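# Inside the fold
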Amino acid sequence: DFSPAPLPYDRMIDQQIEEVFRLFVKPGKKALLETVGPNGEYLGDCPEGRCVNPGHAIETAWFIMAEGKHRNDRALVERALPILEWSLELGWDPKYGGILYFVDIEGRQPVQYEWDMKLFWPHNEAIYAALLAYDLTGDPKWERWFEKILKWSMARFPDRQYGEWIGYLHRDGSVSHDLKGNMWKGAFHVPRMLLYCHLLLEEMLK
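What comes next concerns the included structure. (Residues numbered from 1 in each chain as written. Predicted model: local features only at pLDDT ≥ 70, side-chain atom pairs only at ≥ 80, totals over all residues. Heavy atoms only, no water.)

## Here we look at helix H1 (residues 8-24)
When the terminal C-alpha atoms of H1 are compared, their 24 Å separation across 17 residues agrees well with the 24 Å that a helix rising 1.5 Å per residue should span. Those residues of H1 that sit buried are Ile 17, Val 20, Phe 21 and Leu 23. (Helix = DSSP H or I, 4+ residues; strand = E, 2+ residues; numbered from the N terminus. Expected span 1.5 Å × (residues − 1). Buried < 20%, exposed > 50% of the residue type's maximum accessible area, 1.4 Å probe, protein only.)

## Considering the nonpolar core
Met 65, Ile 83, Leu 84 and Leu 88 are the most contacted members of the largest nonpolar core, which has 54 residues in total. It is helix H4 (residues 120-137) that provides the largest number of residues to this core, a total of 11 residues. If you look at the next biggest cluster of nonpolar residues, it comprises 6 residues, including Ala 31, Leu 33, Val 36 and Val 52. (Core = buried A, V, L, I, M, F, W, Y, C linked by side-chain atoms within 4.5 Å.)

## Quick notes on helix H2 (residues 54-71)
Between the first and last C-alpha of H2 there are 26 Å, a value that for 18 residues agrees with the 26 Å anticipated at 1.5 Å per step. The residue sitting at the N-terminus of H2 and contributing the capping side-chain oxygen is Asn 53; that oxygen lies 3.0 Å from the backbone nitrogen of Gly 55. Asn 72 occupies a position one or two residues after H2 and carries a positive phi of about 55°. (Polar contact = N/O pair within 3.5 Å; in protein donor to acceptor, adjacent residues only side chain to side chain.)

## Some thoughts on the pattern of salt bridges
Under the definition given, this model contains 15 salt bridges. Among the salt bridges present, the one from Glu 203 reaches Lys 69, with a minimum N-O distance of 2.8 Å. Within this pair, whereas Glu 203 is found in helix H6 (residues 189-205), its partner Lys 69 is found in helix H2, the two being separated by 134 residues in sequence. Judged by its relative accessible area of 42%, Glu 203 falls in the partly exposed class. (Salt bridge = Lys/Arg side-chain N within 4 Å of Asp/Glu carboxyl O.)

## Considering the packing of H2 against H6
Viewed as axis vectors pointing N to C, H2 and H6 meet at an angle of 35°, and their least axial separation amounts to 15 Å. Considering the relative orientation of H2 and H6, their crossing is left-handed. Where H2 abuts H6, its residues Glu 59, Trp 62, Phe 63 and Lys 69 lie against His 189, Arg 192, Tyr 196, Leu 200 and Glu 203. Per-class residue counts for the contact of H2 with H6 are 4 nonpolar, 1 polar and 4 charged. (Axes fitted to C-alpha atoms, helices over the stretch in contact; angles between N-to-C directions. Left-handed = near helix turned anticlockwise from the far one by under 90°. Contact = heavy atoms within 4.5 Å. Nonpolar A, V, L, I, M, F, W, Y, C, P; charged D, E, K, R; others polar.)

## Focus: the sheet that holds strand E6 (residues 168-169)
Ordered by their spatial adjacency, 3 strands build an open sheet running E5-E6-E7, and the pairing between neighbours is antiparallel. The open sheet has two edge strands with one neighbour each: strand E5 (118-119) and strand E7 (175-177). The pairing of E6 with E7 spans 2 bridges and is classified as antiparallel. For Leu 169, the partnering residue across the bridge sits in E7 and is Val 175. (Pairing = 2+ DSSP bridges.)

## Digging into the packing of aromatic side chains
Under the counting rule described, the total for this entry stands at 10 aromatic pairs. Members of the aromatic cluster, each reached through a chain of ring pairs, are Trp 62, Phe 63, Tyr 128 and Tyr 196. The ring of Phe 21 is capped by Arg 79, whose NZ or CZ atom sits 3.8 Å from the centre of that ring. In this arrangement the basic side chain of Lys 148 is found over the ring face of Trp 145, its NZ or CZ atom lying 4.6 Å from the centre. (Phe/Tyr/Trp six-rings, centres within 6.5 Å; stacked < 30°, edge-to-face > 60°. Lys NZ or Arg CZ within 6 Å of the ring centre and 35° of its normal.)

The following block contains the structure:
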């Protein structure tokens, strides 16, 4: 057998993907959880165990989809798509639109005081994730999600006067803080989303 041995990063990626699905993905609850027990136990008796951060889950989903695309592994892409769908449906605010920062999967009050804010980065991740899902599947529901998230985000986050994206909105979409940089917001999520969308759209147009 002269096939090349897996690279160290390939083994690491395989291990991380296996752990995500074995421990944190709960199909019965339609959620990728933030916190589980040592063996993946559902900790429903505490707020941390019921917590979903839609932004993290969406980002995880597109990481796995991108790896599936890189490997030409359709099965891996198909495993990631439900995570994206659950997270968008769970995180999308039915009252004001936009993606909530934290959600309790049992519908209880999340303990995080900022749970209902709309932060820039989950929307960045969701825009690219939906576009990638559409590219990989051709399913129009992902096109609809892409347009829905993009429209909501572009109407609220970009600073039309000074450029860049505002980082933090209240639940109703009004500005909470108009700062462009702090220890949690730098030149990462917005440029990555713009670059990846640009490259993927160019690829799709070909």
